[in-house]
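These are the residues of each chain, in order.
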Amino acid sequence: MKNKIAKLRKQQRYSQAQLAQAANVTRQTINAIENDKYDPSLGLAFKLAKILDVTVDELFCPGEKENEKDD
C-alpha cells in the first residue's frame, strides 16, 4: 500500500527515528513502511496518522506510488 509518510514526516521535521519513537516502533519499521516494503497493522496506521495529524485515508493510498503522483 502506498503512503505519504515520508512527505508528511519531512514537512513536520520529524526524522525517521523521532517518528519511530513517537509510534513506539523501530526506525527500520518506519523506513520499511515508507519504502513500501511493509504494510503496517491497522493500529500502527492509526497511530502514525494521529502523530502526523492526518486521517488514515490521507496517509495511505491503495493506488499508484506517491512519488509518481508528485512528478
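Note: the structure precedes this text.
Participant: What should I look at first to understand unusual backbone geometry in this one?
Facilitator: For residues other than glycine, phi is negative in most cases, and the peptide bonds are mostly trans. Unlike most non-glycine residues, R13 shows phi in positive territory, near 60 degrees. A relative accessible area of 75% places R13 in the exposed class. In this model, N24 sits at a positive phi of 60 degrees, which is unusual for a non-glycine residue. You can see N24 is positioned in the loop between α2 (16-23) and α3 (27-34).

Participant: Would you explain the nonpolar core in this entry?
Facilitator: A general trend in soluble globular proteins is that nonpolar side chains are found buried together. Counting residues in hydrophobic clusters, the biggest one holds 16 residues, and the most contacted among them are I5, L19, I33, L48, L52, L59 and F60. Those elements that place two or more of their residues in this core are α1 (5-11), α2, α3, α4 (42-51) and α5 (56-59). Per-element tally for this core: the top contributor is α4, with five residues. Dropping the residues within four chain positions of it, L52 is found in contact with I5, L8, R9, Q12, Y14, L19 and L59.

Participant: Explanation requested: the pattern of salt bridges in the structure shown.
Facilitator: Oppositely charged side chains can pair when the atoms bearing their charge come close. Applying the stated criterion across every chain yields a total of two salt bridges. Ionic pairing is found between D36 and K2, a salt bridge with its closest N-O pair at 3.9 Å. Taken together, the positions of D36 in the loop between α3 and α4 and K2 in strand β1 (residues 2-3) put the pair 34 residues apart, joining distant regions of the chain. For D36, a relative accessible area of 30% translates into the label partly exposed. One salt bridge connects R9 with E34, and the closest N-O pair in it is separated by 2.6 Å. One end of the pair, R9, is in helix α1; the other, E34, is in helix α3, with 25 residues separating them in the sequence. Note on accessibility: R9 and E34 belong to one class, buried.

Cut-offs applied
- Residues numbered from 1 in each chain as written.
- Predicted model: local features only at pLDDT ≥ 70, side-chain atom pairs only at ≥ 80, totals over all residues.
- Heavy atoms only, no water.
- Buried < 20%, exposed > 50% of the residue type's maximum accessible area, 1.4 Å probe, protein only.
- Helix = DSSP H or I, 4+ residues; strand = E, 2+ residues; numbered from the N terminus.
- Core = buried A, V, L, I, M, F, W, Y, C linked by side-chain atoms within 4.5 Å.
- Contact = heavy atoms within 4.5 Å.
- Salt bridge = Lys/Arg side-chain N within 4 Å of Asp/Glu carboxyl O.

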